[in-house]
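Each chain, written out:
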Amino acid sequence: MIDADLRFGSYVPKVPSLYKNAAALPTATSSPATDVNQKDKKYKELCAIGQAWMALPLLSVKKHNHDTSLFTFSLPDGVPDLNLPTMGHLLVRAPECEHKSAGGGDAIRPYTAVVETSGDDGNDGLDGVPGSFTVMVKLYREWGQPESELINNPGTKCFLFTKTDHSYRPPGAVSNYIHSLNIGDSLEFCFIPLCRGKVDYPSGFRDITAITMIAVGAGVAPMIRLLRVLLEGSKEKRCDHVKKIRLLYGARTADDILMRSTLDNWHEKYNGSGNGNGRFCVRYCVGSRWGNVHFHAKTKKAKGPPLPKGYEMIPEDRRALGWVDGQKVKTYGASTPDDDGHRILVCGLPGVYLNLCGPRLEDGIEKESQLHKLGFKDHQVIKL
């Protein structure tokens, strides 16, 4: 995910310099004897894709819902597995697609492989194909109109937000590029030290006994990756000392919930006879900050706002109305702030971080953020 600044109450997207710098990394060549590939050899022990940009062909595209698809890419000949660390991700480069407001040029974004060769959930279309891996890409369309442009149009009334464009979001620079690819087209990937993640698995989980996962939208991808190992990995990889795992997953409507079949199956399998005391439970937090706000005159006949689309079809034991916030963490989380073995994992759009714990790329919890007010300490929150 990219980062954001909070200006005049609005989240203004920004691209971290570390992603911009990655655009200048060398490109892998076909000869293993080159300097680029020799320097890359050691890092490829961690992941089949090294620190040099590697162009990989698109094998297949499978539509997942109305705005998200599963894209499967082929690894180089003779490479059977991606071998991506459990908490790791890849960088993707879309040539000349960066927004002008971010300086233009190549756009770089992080993506998580939701399945590799050996993965097979049998539910959400994630059948592992030898020598390949799959990424889940949500299409972020352009919406609204930049108020900074409206102000220059004679006769157009524009309010206050000419510097922040409150009512406008640009199209996703990389997501739109990926969705434009045809079978056989190539996309560039790389794996640099940054991509290893904030904590190693399983070594970094030795002192963890409870995990609350907070995911919004496509931010569920790294949670799926970790859950697959925690719940269904081999005995030495499951970290059985982690006794409780709770996923709070935010989506605008039921149709926006990604990987739902997989999550529902895990919920039913690991939820302890449906009493909520099992090792894993998912809670779909459906709605938004503004979705339930209706303005109307005071009247005894006034009705409340309608429920989000599809909300009533979600079983009661795994639904909650509205935005993922501190109160839901307190109510549905795996444990309390006083539990030193409790960790909060967060992944989502920039506003999710700013509301709950502070900017994604800054260590620690920001004071007065929702998790800080609940009493969580810096070491308990991991921003993915």
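Residues numbered from 1 in each chain as written. Predicted model: local features only at pLDDT ≥ 70, side-chain atom pairs only at ≥ 80, totals over all residues. Heavy atoms only, no water.

**Description of the packing of aromatic side chains**
The cut-off we apply is this: Under the pairing criterion, centres of Phe, Tyr and Trp rings, with the six-membered ring standing for Trp, must be within 6.5 Å; the plane angle then separates stacked pairs below 30 degrees from edge-to-face pairs above 60, leaving the rest tilted. Only DSSP runs of H or I with at least four residues qualify as helices, and only runs of E with at least two residues qualify as strands; both kinds are numbered from the N terminus onward. Only protein chains enter the area calculation, which uses a 1.4 Å probe; residues under 20% of their type maximum are buried, those over 50% are exposed, and those in between are partly exposed.
Under the criterion given, the structure shown has five aromatic pairs. Measuring from ring centre to ring centre gives 5.1 Å for Phe73 and Phe189, while their planes differ by 75°; the resulting arrangement is edge-to-face. In this pair, Phe73 is assigned in strand β4 (residues 68-74) and Phe189 in strand β9 (residues 186-190), connecting sequence segments 116 residues apart. For the pair Phe73 and Phe189, a shared accessibility class is recorded, and that class is buried. These aromatic residues form a ring-pair network of at least three members: Phe73, Phe133 and Phe189.

**Here we look at the nonpolar core**
As a reminder, the rule being used: Residues belong to a common nonpolar core when they are buried Ala, Val, Leu, Ile, Met, Phe, Trp, Tyr or Cys residues joined through side-chain atoms within 4.5 Å. By definition, residues are in contact when any of their heavy atoms lie within 4.5 Å.
Membership of the largest hydrophobic core comes to 61 residues, with the highest contact counts inside it found for Leu247, Leu263 and Phe280. Among the elements that make up this core, the one with the highest residue count is helix α5 (residues 220-232) (nine residues). The residues touching Phe280, leaving out its near neighbours within four places in the chain, are Leu227, Leu231, Ile245, Arg246, Leu247, Leu263, Trp266, His267, Tyr270 and Asn271. Formed by 38 residues, the second largest nonpolar core is a distinct cluster that contains Met54, Leu84, Val92 and Ala102.

**What to know about the pattern of salt bridges**
The criterion, for reference: We define a salt bridge as a contact between a side-chain nitrogen of Lys or Arg and a carboxyl oxygen of Asp or Glu at a distance within 4 Å.
Taken as a whole and judged by the stated rule, the model has 13 salt bridges. Put simply, Glu232 and Lys269 hold a salt bridge, and the shortest N to O gap is 3.2 Å. One end of the pair, Glu232, is in helix α5; the other, Lys269, is in helix α6 (residues 260-270), with 37 residues separating them in the sequence. Judged by its relative accessible area of 55%, Lys269 is exposed. Between Asp264 and Arg260 there is a salt bridge whose closest N-O contact spans 3.2 Å. Residue Asp264 and its partner Arg260 are located together in helix α6, separated by four residues, close to a single helical turn. Take Arg260: its relative accessible area is 23%, and that puts it in the partly exposed class. A single salt-bridge network, built from bridges that share partners, covers Arg260, Asp264, Glu268, Asp317 and Arg318.

**Side note on the sheet that holds strand β5 (residues 90-94)**
Inclusion rule: Whether two strands pair depends on DSSP finding at least two bridges between them. Axis lines are fitted to C-alpha atoms, over the contacting stretch for helices. Their N-to-C directions set the angle, which ranges from 0 to 180 degrees.
Across the sheet, which stays open at both edges, the seven strands sit in the order β6-β5-β9-β3-β4-β8-β7 with antiparallel pairing between neighbours. Both edges of this open sheet fall to β6 (107-111) and β7 (113-115), since each of them pairs with a single strand only. Ignoring strand direction, the axes of neighbouring strands in this sheet form an average angle of 45°. The sheet contact formed by β5 and β6 spans five bridges and is antiparallel. Across the sheet, residue Leu90 finds its bridge partner in β6, namely Tyr111.

**Quick notes on α6**
Looking at α6, one finds that the buried residues are Thr262, Leu263, Asp264, Trp266, His267 and Tyr270. Structurally, α6 contributes buried residues whose contacts are with α5, β11 (244-251) and β12 (280-286). Downstream of α6 by a residue or two, Gly272 has a phi angle that is positive, lying close to 60°.

**Observations regarding the environment of Phe73**
Note on Phe73: relative accessible area 0%, which makes it buried. Taking the C-alpha atoms as reference points, Phe73 and Leu58, separated by 15 residues in sequence, lie 4.5 Å from one another. Here Phe73 is in contact with Leu56, Pro57, Leu58, Leu59, Gly131, Ser132, Phe133, Val135, Leu181, Leu187 and Phe189, once residues within four sequence places are set aside.

**What to know about the sheet that holds strand β10 (residues 210-216)**
In spatial order, the strands read β13-β12-β11-β10-β14-β15; together these six strands make up an open sheet with parallel pairing. Looking at the sheet topology across the chains shown, the edges are occupied by β13 (319-321) and β15 (381-383). The mean inter-strand angle of the sheet, taken between neighbouring strand axes irrespective of direction, is 20°. The pairing of β11 with β12 spans seven bridges and is classified as parallel. Residue pairing in the sheet places Tyr249 in a bridge with Tyr284 of β12. Contacts between α6 and the sheet are confined to β11 and β12, with β12 contributing the most and set at about 135° to the helix.

**Section: α5**
Note the threshold: To estimate how far a helix should extend, the number of its residues minus one is multiplied by 1.5 Å.
With 13 residues, α5 should reach 18 Å at 1.5 Å per residue; the first-to-last C-alpha distance of 17 Å fits that figure. Where α5 is concerned, the buried positions are Val220, Ala221, Pro222, Met223, Ile224, Arg225, Leu226, Leu227, Arg228, Val229, Leu230 and Leu231.

**Concerning a negative patch on the surface**
Here is the rule: Patches here are clusters of residues that have more than 30% relative accessible area and form no salt bridge, with a 9 Å joining cutoff for like charges and a 5 Å cutoff for nonpolar side chains (Val, Leu, Ile, Met, Phe, Trp, Tyr). Here the accessible surface of atoms and residues is derived via Shrake-Rupley with a 1.4 Å probe, and residues count as covered only by protein chains that are part of the display. Positive charges come from Lys and Arg, negative ones from Asp and Glu, while His and the chain ends are left out of the count. Lysine's charge is taken at NZ, arginine's at CZ, aspartate's at CG and glutamate's at CD.
Taken together, the side chains of Glu362, Asp363, Glu366 and Asp378 present a region of like negative charge at the surface. Structurally, Asp363 can be placed in the loop between α8 (350-356) and α9 (370-374). Overall, Asp363 belongs to the exposed group, its relative accessible area being 76%.

**As for the confidence of the model for the protein**
In plain terms, the rule: A score from 0 to 100, pLDDT tells how confident the predictor is in each residue.
When pLDDT is averaged across the protein, the result is 84; 77% of the residues are at 70 or more. Predicted confidence is poor over residues 118-122, with pLDDT under 50, and the contacts of this stretch with residues over four places away or in other chains come to 13 contacts. Overall, residues 290-296 carries pLDDT values under 50, and its contacts beyond four positions in sequence, including any with other chains, amount to eight contacts.

**Some details on the side chain of Arg109**
Heads up, the rule is: Any N or O atom pair separated by 3.5 Å or less is treated as a polar contact, with the protein-specific requirement of one donor-capable and one acceptor-capable atom, and with residues adjacent in sequence counted only for side-chain atom pairs.
Tracing the backbone shows Arg109 in strand β6. At 3.0 Å, the side chain of Arg109 forms a polar contact with the side chain of Glu98.

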